[in-house]
Structure formats: C-alpha cells, structure tokens
Amino acid sequence: MGSERITLLSSREIDKMRRAGSLAAKLLDHLEPMVKPGVSTLEINDEAEKWTQAHGAVSAPLGYGPKNNPFPKSLCTSVNEVVCHGIPNAKQILQSGDIINIDVTPILDGYHGDTSRTFFVGTPSPTAKKLVEVTKECLHRGIAAVKPGNRIGDIGAAIQEYAEANGFSVVRDFVGHGVSHIFHTAPQIPHYGRAGKGKKLKPGMVFTIEPMINEGTWEAVILEDGWTAITKDGKLSAQFEHTIAVTKDGVQILTLPD
Ligand code: MF3
Ligand code: CO
Ligand code: CO
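What counts as what
Residues numbered from 1 in each chain as written. Chains lettered and ligands numbered in written order. Predicted model: local features only at pLDDT ≥ 70, side-chain atom pairs only at ≥ 80, totals over all residues. Heavy atoms only, no water. Donors = N, O, S within 2.8 Å, 3.2 Å for Na, K, Ca; no water. Helix = DSSP H or I, 4+ residues; strand = E, 2+ residues; numbered from the N terminus. Buried < 20%, exposed > 50% of the residue type's maximum accessible area, 1.4 Å probe, protein only. Tetrahedral: all angles 85-135°; square planar, octahedral: opposite > 155°, others 65-115°. Pairing = 2+ DSSP bridges. Axes fitted to C-alpha atoms, helices over the stretch in contact; angles between N-to-C directions. Polar contact = N/O pair within 3.5 Å; in protein donor to acceptor, adjacent residues only side chain to side chain. Contact = heavy atoms within 4.5 Å.

Asks: Would you explain the coordination of the cobalt ion (ligand 3) in this entry?
Replies: Perfect tetrahedral coordination of a metal by four donors corresponds to 109.5 degrees between them, and perfect octahedral coordination by six donors corresponds to 90 or 180 degrees. Only Asp114 (OD), His177 (NE2), Glu210 (OE) and Glu241 (OE) from the protein coordinate the cobalt ion (ligand 3), and they sit 2.0 to 2.2 Å from it. In the primary sequence, the donor residues of the cobalt ion (ligand 3) line up as D-x62-H-x32-E-x30-E. The distance between the cobalt ion (ligand 3) and the cobalt ion (ligand 2) comes to 3.4 Å, with Asp114 serving as a donor to both metals. Within this pair, whereas Asp114 is found in the loop between β6 (111–112) and β7 (115–120), its partner Glu210 is found in the loop between β11 (206–209) and β12 (212–214), the two being separated by 96 residues in sequence. The class for Glu210 is buried, based on a relative accessible area of 9%.

Asks: How should the coordination of the cobalt ion (ligand 2) be read in this particular structure?
Replies: Note on the cobalt ion (ligand 2): its protein donors are Asp103 (OD), Asp103 (OD), Asp114 (OD) and Glu241 (OE). The metal-donor distances range over 2.0 to 2.4 Å. One can describe the site at the cobalt ion (ligand 2) as irregular: its six donor atoms subtend angles covering 58 to 167 degrees at the metal. Of note, the donors binding the cobalt ion (ligand 2) are all from one chain and are spaced D-x10-D-x126-E. Overall, the relative accessible area of 11% leaves Asp103 in the buried class. Assessed through its relative accessible area of 2%, Asp114 is described here as buried.

Asks: Just checking my understanding: could you explain the sheet that holds strand β14 (residues 229–231) for this structure?
Replies: Hydrogen bonds between backbone atoms are what pair the strands of a sheet, whose relative direction is either parallel or antiparallel. In space, the three strands of this open sheet follow the order β3-β14-β13, with antiparallel pairing throughout. Taken across any chain shown, the strands that pair with only one partner, and hence form the sheet edges, are β3 (82–84) and β13 (220–222). Taken pair by pair, the neighbouring strands of this sheet meet at an average axis angle of 40 degrees, ignoring direction.

Asks: Honestly, the side chain of His177 in this entry has me stumped. Any pointers?
Replies: Position of His177 among the secondary structure elements: in strand β9 (residues 176–178). Take His177: its relative accessible area is 6%, and that puts it in the buried class. Among the polar contacts made by the side chain of His177, one reaches the side chain of Asp114 at a distance of 3.0 Å. Ignoring sequence-local partners within four residues, the contact set of His177 consists of Asp114, Phe183, His184, Thr185, Pro187, Ile189, Phe207, Thr208, Glu210 and Glu241.

Rendered as structure tokens:
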C-alpha cells in the first residue's frame, strides 16, 4: 500500500475521463426522479443498466471484484445504515424517510466515470438532512484542498475536521482511489488524516474523493454477502463522490453533467 506508482494522465486522457465522468453525472440525473417511496433498488439498477448500454457504455461494477464473489449488479445502492456497496434487490422497497446513496461507474471509451450522491426518499428526518448536507460539504471541502504542492493528507484533514465539528464520524475502511482505464488504482485517498502529511499532489493525477460520513461510530462491518458494508451501530451513513483531476493551478471536477 502506498508503494505503487501514481500514473499522471495526459490532457487527452483527462478529456476521455471527463467524457466518462459527464456520462456518470447524467446517469445520476436520470435516476434521481426514480427515487420515490415504493420503488425497489433493483428497478433503479435495471434502468441504469439499460441507460448505460443505450449510451454506448459498460457498467463497471457488474462482475467486478474477486472471481469467487463478483459484484452481481450494475451499481451500488446504499440505504440508511449501509455505508457503501449495497446490492440492488427486488425486495428492497424505498420508504419515505430513507436516504439512499446511488454510486455509478460507467466505462466509456475505456475510461471510468465514478460518482455518487445521497438522495432523500420523501421527507428526511432532521438528523438525516443534516448528515447528508454535512457529507456533501465534506466532499467539497476535500476538493478545495486539492492543488499542486498540497498533500494527500490535506484532503482528509479538511474532511475530518468538518465532519467531526458537526458531531459526525469519518469511515476509515474505505477510501478514495486513483481511477482511469483501471477502476481502482494508486493513490489511496483517506477521508481523515493530518494536513501536510502524505504524497504531494501533481498535475495529471486523477482520483476520487468519496467521503462516507456516519451519524454514530465510524466503524463498519461487512455482511455475509461479502459486499454490503453497514455501520456497526446501525446508525445512518451518507456519501458523495466525485472523480477529480489535479490541474496546473488547482483542481477540476470530471464528474459534472457538462
Ligand atoms: N463505485 C465504487 C467506488 O466508488 C466501487 C464499487 S465496486 C462494486 O469505488 F463492485 F461494489 F461495485
Ligand atoms: Co463510486
Ligand atoms: Co470510487
């Protein structure tokens, strides 16, 4: 860990990442109106798979992971206490008051666009609303810490400071990651840490920032399916994710609709 080399992408490759990222953002825009009480997470999955194929892309999550337990669906749907990697299921029907993270990764022309947002189903509780708003702000504070010469630890420190100041905790077991023609590669981007620590950021680095912020303990456990991560205390978890590129003088978000 940390020993792999970090690939710097050319501006041509970053253009391709932006095209894949824009498609990913448009896919979330397309799915958002489906997030309503009574809809199953499998219905969201199936619409995403259809839309992705119709746009000439491939769903990276489908079949991803270990050969003996590949991820079985086209995207991750993580409801309430699910931290990440929730598996869409016909029996999981959304109810008013739920929060759901939808995490999509279409591959377009060989490049991955990895982005997620947390949505409210119907009307959120005050706690759910605050958690989701704080998590979104954590992502943006993390992104704001990205510029050449800053360090990877600056990103996590900015996120952790804001999450904890609001009484929430930062998941440790899952991190942001380099992404390109490979889904998960170096560097790892923890969403906690110390400013001034870690590798220096350089123009051409492309990675995700995807803080998972919990209402209670930061600890997570993995269910028997080998994928679904839930909070150890059963309290809520929220997440937002963008894929970003380090530029000459700052940062560019690659997973915006246009
Ligand atoms: N999109 C997730 C991420 O942000 C990874 C999902 S892998 C899967 O890194 F196999 F669970 F789909
Ligand atoms: Co993702
Ligand atoms: Co990711």
